[in-house]
Amino acid sequence: MSRSPMEGLKVKLHDMSLRDGMHAKREQIPVAKMVEIAKGLDAAGVPFLQVTHGAGLGGNSIQHGRALASNAEYISAVAGVVKQATISVLLIPGLGTMKELQEAYDCGARSVHVATHCTEADTSPQHIAFARKLGMDTSGFLMMSHLNTPEGLVEQARLMESYGANTVYVTDSAGAMLTHEVTEVFTRLRDALRPETEIGFHGHHNLGLGIANSIAAIGAGASRIDASLAGLGAGAGNAPIEVLAAVCDRMGIVTGSDTFALMDLAEDVVVPMMDHVVRADREALTLGFAGVYSTFLLPAKRAGARFGIPARDILVELGRKKMIGGQEDMIQDTAMTMARERGLPVDVA
Amino acid sequence: MRKIRCALIGSGNIGTDLMFKLLRSEVLEPVWMVGIDPASDGLKRAAEKGLKVTHEGVDGLLPHVEADGIEIAFDATSAYVHAENSRKLNALGVLMIDLTPAAIGPLCVPPVNLAALSGQVPMSVNMISCAGQATIPIVAAVGAVQTVDYAEIIASLSSKSIGPGTRANLDEFTYTTSNAIEKVGGARRGKALAIINPADPPMIMRNTIYCEVAGTPDRAAITASVLAMIAEVQKYVPGYRLVNGPDFEGNRVAVFLEVAGLGDYLPTYAGNLDIMTAAAARTAEMFAERILDGSMQLKKMEPAQ
């Protein structure tokens, strides 16, 4: 076998189990379970752990579901037990606000993903600047990145860099990006952004490419990768962190994390707590295939069951209507409209 | 018949759309448009329509306020500059209709509380936000039947209809709208979410209103109240339309709306512009009618020391 071309590259893993993983658990992870998982990740040497409601700060809502505990309770509990890891949060402008970011900071968060749709970076300057003012590690997070061109993503990344982001993420929220597309985008980003600005990738496993795309990103200059234990996350989940760590080990990519410890945590703690097997089932695969926001999976299954419409049909229609992250209300709306068109009753409980 | 002479401050999407509505008013006459960019499309359109224009901000307007008899000004700038604009124009006795999320003056959603404001002589009235104008009538309609413990609204806006001011200040939009859901809509607690969608062709403005009511929802009464309120809003925004609902699940009421605009400035997808500018014009007309019939007199306000 020839030597790995990525030998010696360094990457910072950012665990999503306690944020994106909340989606897969319908926001119902108990504080004690978060603490247990966070302790394990911290001991395994994972440098960043994201902890919030699945939709981030301000996420507790009818639209996005109500979590078992408040963001402040989750963040404080986890921040109180980690020794080396940095606690991060997600903030989507239009949902979360600077007041909530201040509160998260006060609870111990020191890193933030400020997330916008991949064409709307200019809704984030206030929040990025405020995060930097607090001294937080600040990532701009370009969601649904398959819906923009490589040139467009570069332009949006430059905006976030100009607002003060020290990292810019390409966020494949629909798990729809193909590996050659990831390589092209990261090559261009590495070329266009300042050398000190890091670039990162957040994948979803809907087409089974979570690991391959993460490795492609690293090969083209990414130094941060989001992943989660056993893939616990929206849709078919994120890149499974224990698999990613193992592949990195084999390729000589330095993560600083203990792969066996991550394997144990995934197998012994996270898989047993899953409500459903997080995998590319028919509907999750549809997300990647049709380019639909991964978080729509479970609400589409619920609406489908209530109104008698196959969830796959609803997801395809949402993709056709170009609905984006945050428009979860349009799932029920679309299901009701489709039911009416099919002559099904909409007045059902 | 005499018309009340008005100035438009801000030459962006909202200010320009509002100009077209004021040009049709029987009691308001747009006389000035104020911008900060000489190349702005809004100033160009205003000049074409015969308005006087300045690109020197509100200070470019102030020397002309008395000579041109300006009595009402609409502020479509941003929350950050509104306070200063308001202070300067109130000092000259000009009533401000505030379309920024600054929310200094009383909040107004015409079908909910314009009548209640008619007995007052405020110097500034705030129009909250496009999402507030689109959703608070429904919260109030549900609240007219049963106590609303919690109301949550989601506004989906087309990317092309959202100007730089709104983009850079989404938190103000969130805070002001959430507060108004409580203060004007009557919900015990309110929460507002905004999503900017770049789909092309652009999506028509969508609004979803969730209300959690105290006790079991009275379906028939809530449905009747919501439908009646939609008819009220349609009087000044004809493209305000029920798409789905009211839907009942436990104590939750869900109403799914669409707002198409008149296409005065931006195309019809930008119903968010129309519902804001139509509400502002309707509010200003109510005050204009009172100025004209002598039941309301504007006073110059001493600048605060």
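The shown structure was predicted, so the numbers you read here are calculated from the model rather than taken from an experiment.

A. Representation of the domain arrangement of chain B within the structure. Residue and element names in this part refer to chain B. When cut into domains, chain B gives domain 1 (4-127 + 276-292) and domain 2 (130-270). Look at where the C-alpha atoms of domain 1 and domain 2 centre, and you get two points 24 Å apart. Sorting the residues of the side of domain 1 that touches domain 2 by element identifies helix 1 (13-22), helix 5 (110-117) and helix 10 (271-292) as the ones contributing at least two each. For the side of domain 1 that touches domain 2, the element with the highest residue contribution is helix 1, accounting for five residues. Across the side of domain 1 that touches domain 2, the residue classes break down as 13 nonpolar, six polar and three charged.

B. Representation of the interface of chain A and chain B in the model. Across the boundary between the two partners, chain A contributes 26 residues, which contact 28 residues of chain B. The element that contributes the greatest number of residues to the side of chain A that touches chain B is helix 14 (residues 329-341) of chain A, accounting for six residues. Its residues assigned to classes, the side of chain A that touches chain B shows nine nonpolar, twelve polar and five charged.

C. The sheet that holds strand 3 (residues 86-91) of chain A, seen in detail. Residue and element names in this part refer to chain A. Taken in spatial order, the eight strands close into a barrel running 1-2-3-4-5-6-7-8, and their pairing is parallel. Each strand axis lies, on average, 25° off the axis of its neighbour in the sheet, ignoring direction. Pairing of strand 2 (residues 48-50) with strand 3 involves three bridges; the strand directions are parallel. Each bridged residue has a counterpart across the sheet, and for L49 the counterpart in strand 3 is I87. In this fold helix 8 (residues 210-219) packs onto strand 7 (198-202) and strand 8 (224-227), with an angle of close to 170° to the strand it touches most, strand 8.

D. Quick peek at the sheet that holds strand 2 (residues 28-34) of chain B. Residues and elements named next belong to chain B. Taken in spatial order, the six strands line up as 3-2-1-4-5-6 in an open sheet, and their pairing is parallel. A strand with exactly one partner marks an edge of an open sheet, and here the two such strands are strand 3 (52-54) and strand 6 (124-126). The sheet shows a mean angle of 25° between the axes of neighbouring strands, taken without regard to direction. For strand 1 (residues 4-9) and strand 2, the ladder comprises six bridges, and the chain directions are parallel. Looking at the pairing, R5 lines up with E29 of strand 2. Sitting on the sheet, helix 1 is in contact with strand 1, strand 2 and strand 4 (70-75), with an inclination near 155° to strand 2.

What counts, and at which threshold
- Residues numbered from 1 in each chain as written.
- Chains lettered and ligands numbered in written order.
- Predicted model: local features only at pLDDT ≥ 70, side-chain atom pairs only at ≥ 80, totals over all residues.
- Domains from an automatic or database assignment.
- Helix = DSSP H or I, 4+ residues; strand = E, 2+ residues; numbered from the N terminus.
- Nonpolar A, V, L, I, M, F, W, Y, C, P; charged D, E, K, R; others polar.
- Contact = placed C-beta atoms within 7 Å.
- Pairing = 2+ DSSP bridges.
- Axes fitted to C-alpha atoms, helices over the stretch in contact; angles between N-to-C directions.

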